[in-house]
Amino acid sequence: MREVASLFLLAGAAFSFVAGVGMVRYRDTLSRLHVAGKVTTFGAAGALVGSWLFHGGGWQEVAILVFLLLTSPAGSHALARALTRRVHRLPEWPYSGDS
Amino acid sequence: MSTAAVALALLGCAAALCAVRVAAGPNFVDRVVAADALAAVLLNVVLTVGVVWNTRDYVDVAVVLAALAFVGTVAAARFVSRGGPLA
């Protein structure tokens, strides 16, 4: 079981490395957001599954995985929405007038 | 434990590349995105170090790290969306 856990940890580290390479090589803000939103989630998921297998269970890893799968798209969407609204000078909803 | 050494080397390279983007990002959203990726890399490092040292204490650190990364990202998004400086 420890070998399988090591394989999962290595896969997570490889995904994180791919995320770092994409973070440097991509030429657009939304492209880099795309990398950070997907590849980073897979990397953290690999490390979480590896740690869960190595330590023989536990609720913390499951909680982090569920939290990450729920909040990573939400954070990416919030950043992309904020950037788009800022660049195109759209008002914030609800249109209170002070934005 | 050479597998863990390879994993930690990959994570160190990923953290360095994310730090390069944090330093050289053209605008504020680039830096926030790179810092978010850096927090995820740090979560990987914490979990891997917990496996290498055969202790379970670092999983709680990972819980707090994931929560704080999301809160920081959403706060920065609100800051940009409400008219904060983008450069």
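Residues numbered from 1 in each chain as written. Chains lettered and ligands numbered in written order. Predicted model: local features only at pLDDT ≥ 70, side-chain atom pairs only at ≥ 80, totals over all residues.

J.: Sorry if this is basic, but what is going on with the overall build of chain B here?
T.: A tally of regular secondary structure across chain B gives three helices and zero strands. Order of helices (α) and strands (β) in chain B, N terminus to C terminus: α-α-α. Over its C-alpha atoms chain B spans a radius of gyration of 15 Å, topping by over 25% the 12 Å that the globule rule assigns to 87 residues. The principal-axis extent of the C-alpha atoms belonging to chain B is close to 50 × 25 × 10 Å. Considering chain B as a whole, with its 87 residues, one finds that 43% of them fall into the buried category. Expressed as a percentage of contacts within chain B between residues at least 6 apart in sequence, the contacts between residues at least 24 apart total 45%. (Helix = DSSP H or I, 4+ residues; strand = E, 2+ residues; numbered from the N terminus. Rg over C-alpha atoms; globule rule 2.2 N^0.38 Å. Buried ≥ 20, exposed ≤ 12 C-beta atoms within 10 Å, placed from the backbone. Contact = placed C-beta atoms within 7 Å.)

J.: How should the overall build of chain A be read in this particular structure?
T.: Looking only at helices and strands, chain A has three helices and zero strands in total. Counting from the amino terminus, chain A carries its helices and strands in the arrangement α-α-α. Over its C-alpha atoms chain A spans a radius of gyration of 18 Å, topping by over 25% the 13 Å that the globule rule assigns to 99 residues. With respect to the principal axes defined by its C-alpha atoms, chain A has extents near 60 × 30 × 10 Å. Taking all 99 residues of chain A together, 45% fall into the buried category. Residue pairs in contact within chain A that sit at least 24 positions apart in sequence constitute 65% of those at least 6 positions apart.

J.: Would you explain unusual backbone geometry in this entry?
T.: If a residue is not glycine, its phi is most likely negative; likewise, a peptide bond is most likely trans. All names here are of chain B. Positive phi values are uncommon outside glycine, yet Asn54 reaches one of about 60 degrees. Note that Asn54 resides in the loop between helix H2 (28–52) and helix H3 (58–81). Since 8 C-beta atoms lie within 10 Å of it, Asn54 is described here as exposed.

J.: Whenever I open this one, helix H1 (residues 2–24) of chain B confuses me. Can you help?
T.: Since the α-helix turns once every 3.6 residues, residues separated by three or four places project in the same direction. Given a rise of 1.5 Å per residue, 23 residues ought to cover 33 Å, and the 33 Å separating the end C-alpha atoms of H1 of chain B matches this to within 8%. Burial in H1 of chain B covers these residues: Ala7, Leu10, Leu11, Ala14, Leu17, Cys18 and Arg21 of chain B. Next to the buried residues of H1 of chain B lie helix H1 (2–25) of chain A together with H2 of chain B. (Expected span 1.5 Å × (residues − 1).)

J.: Just to check I follow, could you spell out the interface of chain A and chain B for this structure?
T.: A common way to state how big an interface is: give the accessible area lost once the parts meet. Contacts between the two partners involve 45 residues from chain A, matched on the other side by 43 residues from chain B. Elements with a minimum of two residues in the side of chain A that touches chain B: H1, helix H2 (29–54) and helix H3 (59–87) of chain A. A total of 15 residues in the side of chain A that touches chain B trace back to one element, the largest contributor, which is H3 of chain A. The residue makeup of the side of chain A that touches chain B, split by class, is 24 nonpolar, 15 polar and six charged. (Nonpolar A, V, L, I, M, F, W, Y, C, P; charged D, E, K, R; others polar.)

J.: How do you make sense of the packing of H2 of chain A against H3 of chain A when you look at a structure like this?
T.: The angle between the axes and the distance between the axes are what describe a pair of packed helices. All names here are of chain A. One can describe the packing of H2 onto H3 by two numbers: an axis separation of 10 Å at closest approach and a directional angle of 175 degrees. When the interaxial angle is binned, H2 and H3 end up roughly antiparallel. Residues Thr29, Leu30, Leu33, Gly37, Thr41, Ala44, Ala45, Leu48, Ser51 and Trp52 of H2 lie in contact with H3, whose contacting residues are Glu61, Ile64, Leu65, Leu68, Leu69, Ser72, Pro73, Ser76, Leu79, Ala80 and Leu83. Partitioned by chemical class, the residues of the contact of H2 with H3 number 14 nonpolar, six polar and one charged. (Axes fitted to C-alpha atoms, helices over the stretch in contact; angles between N-to-C directions. Parallel < 35°, antiparallel > 145°, perpendicular 65-115°, else oblique.)

J.: What is the right way to look at the confidence of the model for chain B in this model?
T.: Note: predicted coordinates in regions of low pLDDT should not be interpreted at a detailed level. Summary statistics for chain B give a mean pLDDT of 91 and a share of 99% for residues scoring 70 or more. For this predicted complex, the interface confidence comes out at an ipTM of 0.89, alongside a pTM of 0.89. (pLDDT = per-residue confidence, 0-100.)

J.: For this particular structure, what's the right way to read the packing of H1 of chain A against H1 of chain B?
T.: Where H1 of chain A meets H1 of chain B, the axes come as close as 8 Å, and the angle between the chain directions of the two elements is 20 degrees. Between H1 of chain A and H1 of chain B, the angle is such that the two are roughly parallel. Where H1 of chain A crosses over H1 of chain B, the two elements pack in a sense that is left-handed. Contacts from Ser6, Leu9, Leu10, Ala13, Ala14, Ser16, Phe17, Ala19, Gly20, Val21, Met23 and Val24 of chain A of H1 of chain A reach H1 of chain B at Thr3, Ala4, Val6, Ala7, Leu10, Leu11, Cys13, Ala14, Leu17, Cys18, Val20 and Arg21 of chain B. (Left-handed = near helix turned anticlockwise from the far one by under 90°.)

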